[in-house]
Amino acid sequence: QVLVVGCGNSELSEQMYDTGMCEDIVNIDISDPVIRQMRERSGSRRPKMSYLLMDMLQMDFPDAHFQVVLDKGTLDAVLTDEEEATLAKVDRMFAEISRVLQVGGRYLCISLAQAHVLKKAVEYFSQEGWVVRVHQMAGSGDKQQFVLPVFVYVMTKFRKIPGSAPQILEICSEPMRLESAEQLVGAVKDRQHYALLCSQLSKTPCREQVSLDLCDKESGRPRYTLHVVDSPSVKPSRENHFAIFIIPQGRETEWLFGTEEGRRQLATSAGFGRLVTVALHREQHYEGMAGIQAELSGKVMELAPRGLPARQQVPFLSMGGDIGVRAVRHCDSSPLSGDFVVEDVKGDGSCYFRRLIFLHNRNVVQSEARLLAPVPLLGQKKRRKDKKKPSPTEPPTAIDKSYLCCEHHKAMVAGLCLLGDPEALPGTPLEVLVVGLGGGSLPLFVHEYFSQAHVAVVEIDPSMLEVATHWFGFSQSERMQVHISDGLDYVAKLAAEAPAKFDALMFDVDSKDLTVGMSCPPPAFVEKPFLEKVKIILKPEGVFVLNLVCRDSRLKESVLGTLREVFPLLYTHRIEGEVNEILFCQPSPEVQREPRELGARARALEGALRQPGRPWDSSYVLADMVQAVSIL
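Residues numbered from 1 in each chain as written. Predicted model: local features only at pLDDT ≥ 70, side-chain atom pairs only at ≥ 80, totals over all residues. Heavy atoms only, no water.

Caption draft 1: Spotlight on the packing of helix H4 (residues 84-100) against helix H5 (residues 115-127). At their nearest, the axes of H4 and H5 sit 11 Å apart, and the two run at 50 degrees to each other. The orientation of H4 relative to H5 falls into the category oblique. Crossing of H4 against H5: the hand is right-handed. In this structure, H4 contributes Leu-87, Val-90, Asp-91, Phe-94 and Ala-95 to the contact, and H5 contributes Lys-120, Ala-121, Tyr-124 and Phe-125. Classifying every residue of the contact of H4 with H5 gives 7 nonpolar, no polar and 2 charged. (Axes fitted to C-alpha atoms, helices over the stretch in contact; angles between N-to-C directions. Helix = DSSP H or I, 4+ residues; strand = E, 2+ residues; numbered from the N terminus. Parallel < 35°, antiparallel > 145°, perpendicular 65-115°, else oblique. Left-handed = near helix turned anticlockwise from the far one by under 90°. Contact = heavy atoms within 4.5 Å. Nonpolar A, V, L, I, M, F, W, Y, C, P; charged D, E, K, R; others polar.)

See the structure below:
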């Protein structure tokens, strides 16, 4: 027995009757013309179905008379605002529905699920002890006229249990139990936003890149991060309309995949009108390319562009045809740095890299080192063919101390060409202060390649010293010591005790405050009183090298202005494809050099560092790091 409240002139009841779904249907409405029209329309063809003129706020039916109450848009029409009179009217409507419904019966409410409508229905019936489930019925992906998805609230009547019985709230498009009405409203809102996004993407090319996370059903954590990239320059054909690109694990931070410009270049070079890039998350497990394709195929088709031919096979692309290798080696947490991981990832070819990632900013590689492939010992016998070979996915573990992975570290080392005779510099006694240890690759490189340099490293977080020592091959010696201290305090103390002590100061300090538009260094490191202390501990012909990462243009101009007030000579070098800008500051204007001279000095320094028997990566061209320098 079904009661349809506020039936209007909808064909729903007639269709339910004609398909044989159910015949014992009672339709009510407060409009006399509508009821007469519907009676005439049904006539004698549907003898078991009736249309009654009745107010749903005051129904004439006995208690527990129906097994189902069906509401198609009536609640949406009544609950147009949250005025007191409107809410009282809805309470009467719900009370009457509850009265005429049997225990175990269901109130089915078809709705567009505006937040205030859903919240009111969920709160009312869950407090009455009913089970509340929300089903998403139609969306932009279906061949419907609706842009917003249509929802059905399924409220099952239970006897109210005295005391505080647990609420049962579920959303059923992907079965998920929720703890509160607010969470349920939020889950529905996510689906509405996604439907609007899909509708927009299906109609017009997107001028800006759209990103979204697809989350794991069990944990709710992000499993895939998708970016939708349209290439207006690519003329779409049947073969190049749409493609999916799986970013190999661990490579999502690279410029090509981790920046808007890089993804745009990737889409253009791939030659597709729309490319969806897919980044894989480190906390998740994936069953290879085929498993990912099976998991994503349905969802990514909802992001397809307009004009995609029917039954068009959409290609899944990747680098080398696999999903890459990521092995998490160490997870920990620090009171100062928060949660962090050390992971090994496979790069191009057979190269592996070890990375330190702070999870509060998981798309930024904090430190990186290249891993050395194991070298067979001389005279070592070859493996017998029948013996088990090492796994090709198992990365090596030895650290390549000669390699600087980070472009900004290469530029910071290149800045040392401003000191003295560059050809003699590797064997010249130098006093170097590095603030910010991370994985230790920068001070380790200076220690290894400048044989007479004494390197003092300041690091505020003792956990980072443990990480650098155990995972990145860092070690202290007579020429390199780590001081666990706040860099601000350490420099202030040196300014009072040891002026003009250092030939080079190198600051590579990240900021933990993500609300500021500058992620490196923290703002206190570029305030004028502190910079004056930095100048005090620097020798007159020395160089202060600063890694600046600032997305706020006004803040950046302010920082550069303050630096110019303290240091009369300032060079700046922008790292191509990155936000990093390396600043070379000198306290004496007499040592100013033109960019062309800097390039020559950098080439001389590089030649001096390429010592026989000492490895040197061919990608190091220090002159490139300074030829693009601007003098401010």
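Next comes the rest of the account.
Caption draft 2: Representation of H5 in the model. Over its 13 residues, H5 extends 18 Å from the first C-alpha to the last, a length consistent with the 18 Å expected when each residue adds 1.5 Å. What H5 keeps buried is the set His-116, Val-117, Leu-118, Lys-120, Ala-121, Val-122, Tyr-124, Phe-125 and Ser-126. (Expected span 1.5 Å × (residues − 1). Buried < 20%, exposed > 50% of the residue type's maximum accessible area, 1.4 Å probe, protein only.)

Caption draft 3: Spatial organisation of the side chain of Asn-580. For Asn-580, the position within the fold is in strand S27 (residues 580-586). Within the local environment of Asn-580, its side chain forms a polar contact with the side chain of Asn-547, the two groups lying 3.1 Å apart. Every residue in contact with Asn-580, bar those within four places of it in the chain, is listed here: His-408, Asn-547, Leu-548, Val-549, His-573, Arg-574 and Ile-575. (Polar contact = N/O pair within 3.5 Å; in protein donor to acceptor, adjacent residues only side chain to side chain.)

Caption draft 4: Quick look at unusual backbone geometry. For the bond running from Cys-520 to Pro-521, omega is -5 degrees, close enough to zero to count as cis. Summarising the element assignment, Pro-521 is placed in the loop between strand S24 (518-520) and helix H14 (528-537). Positive phi is not limited to glycine here, since Ala-64 has a value of about 50 degrees. Tracing the backbone shows Ala-64 in the loop between strand S3 (50-53) and strand S4 (66-72). Although it is not a glycine, Ala-113 adopts a positive phi angle of roughly 60 degrees. Looking at the element boundaries, Ala-113 is found in the loop between strand S5 (101-111) and H5. Ala-113 sits in the buried class, given a relative accessible area of 2%.

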